[in-house]
Amino acid sequence: MKKIQCCGKECTWSATECYCEMLNKLGVPQDTKWRSLILFCREISEFRCLTDVQKTDIQRALTSALEKKDFSKLNFDNVLQTQHGITVSPFKKKVEELLREANSIVKDFHGLLAERYINITELEDTVISTVESDLDEKEMIVCLRSAFDSVKVMLENDMRSLEKMAHKDGVTGISNRRAFDMFINDAMDRWQKDGTLVGLAMFDIDFFKRFNDAHGHRIGDQALRVVAKQIAHHAQNFVAADCQVMAARYGGEEFALVVSGAKAADLPQLAEACRIAVRNFNFLIRDANGNVVENGLHITVSAGVALSWKDWHGPLVDNLIDSADKALYFAKASGRDKTVIFAPDEEQRYKLVPPLPAAKPVKA
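This write-up is about the structure you can find in this document. (Residues numbered from 1 in each chain as written. Predicted model: local features only at pLDDT ≥ 70, side-chain atom pairs only at ≥ 80, totals over all residues. Heavy atoms only, no water.)

Okay, unusual backbone geometry next. One non-glycine residue, Phe207, lies in the positive phi region at around 50 degrees. Note on placement: Phe207 falls in the loop between strand E3 (198-205) and helix H7 (208-215). Judged by relative accessible area, which is 41%, Phe207 ranks as partly exposed. For Asp337, which is not glycine, the phi torsion reads 55 degrees and is therefore positive. (Helix = DSSP H or I, 4+ residues; strand = E, 2+ residues; numbered from the N terminus. Buried < 20%, exposed > 50% of the residue type's maximum accessible area, 1.4 Å probe, protein only.)

So, about the packing of aromatic side chains. Any aromatic ring pair is given by two values, namely how distant the centres are and how the planes are angled relative to each other. One pass over the structure, following the stated rule, counts four aromatic pairs. For the pair Phe180 and Tyr250, a centre-to-centre distance of 5.3 Å together with 85 degrees between the ring planes defines the contact as edge-to-face. Of this pair, Phe180 sits in helix H6 (residues 177-194) while Tyr250 sits in strand E4 (residues 243-251), placing them 70 residues apart in sequence. Each member of the pair, Phe180 as well as Tyr250, is classed as buried. Plain terms: the ring middles of Phe342 and Tyr350 are 5.5 Å apart, the flat faces sit at 45 degrees to each other, and that makes the pair tilted. Residue Phe342 is classed as buried on the basis of its relative accessible area of 9%. (Phe/Tyr/Trp six-rings, centres within 6.5 Å; stacked < 30°, edge-to-face > 60°.)

All right, on to the pattern of salt bridges then. Going through the model one piece at a time under the given rule, you end up with nine salt bridges. Taking the shortest distance from any N to any O, the salt bridge between Arg177 and Asp181 comes out at 3.1 Å. Here the residue Arg177 and the residue Asp181 both occupy positions in helix H6, the gap between them amounting to four residues, near one helical turn. The partly exposed category is assigned to Arg177, whose relative accessible area is 30%. Of the charged contacts in the structure, one is a salt bridge between Asp204 and Lys332, with a shortest N-O distance of 2.9 Å. You can see Asp204 sitting in strand E3 and its partner Lys332 sitting in helix H10 (residues 316-333), a full 128 residues away along the chain. In this structure Lys332 comes out as buried when scored by relative accessible area, which is 18%. Connected via shared salt-bridge partners are Asp204, Asp206 and Lys332. (Salt bridge = Lys/Arg side-chain N within 4 Å of Asp/Glu carboxyl O.)

Set out below in structure tokens:
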């Protein structure tokens, strides 16, 4: 077997020889750092912690570097920095969203505290005035008990309000990721116990980064609220006695719609109705004073739908989310602004949901 020099060592394995010869032809230096980086990117398809888009972007960055044949330390550092940015950016984005959500909850909580401070002050005044009054003992007890009961009811309502705050997305006002996780886990538990069908639709705003960069984060948040409102509206119309529905912001520009019950079988049509409603929405951009500065804008979403499947093994929730996510990715790869359903038991696993009749445009 032929022996060649690779990274300063003799290689005797034919597979390694082929790999080294390929790198030699590309002009890659025989030092460990560049070859290790290329080998890492070559095996990146096996990394389950990265999305297909991230893997493609990392490999594209490396391919661009190889085409330039610039193997300097500066270019190596640039490739590493690009790779780090691609890998870390989704997590950084999630942390930023969590911070924004936490800030929103803290702001609401401060509002509650301010209200209760006033109530406690009023209670103190009531107690003092009652004690100083000419009421007899029984009348005084009734008056004080009534005052304390009022504050007790307010505090109980505060506890319920805080629970709602913890499950509400601060930007869109619909359910957040925490509430989604609880809901879908309960739904999949019911499916496992009694066969109650579960459906999941994942929505992603098309070219949202481009929209955000062009119009700013304030307008971007408006776009998020528009999509959330349309999905939540259609979700409410889908509620039935034997059917539980939740619309939630999954993260970033992604939204989720979960249906648990017999009507889950109709989720592909519901997701398609949501997609059309978003596309037909006439998006207006207003300035800080409420004046319209731009009219006639339209945003679109891509949607992926999956239903619970009897042959799944392993974590059931993960299977459902992954299946809907793959259908969503297929919809985006097929041109965006489409609804695709994942059909695991058929030869054609990803099917386009037939478009519904177009509705009239809705104004902002």
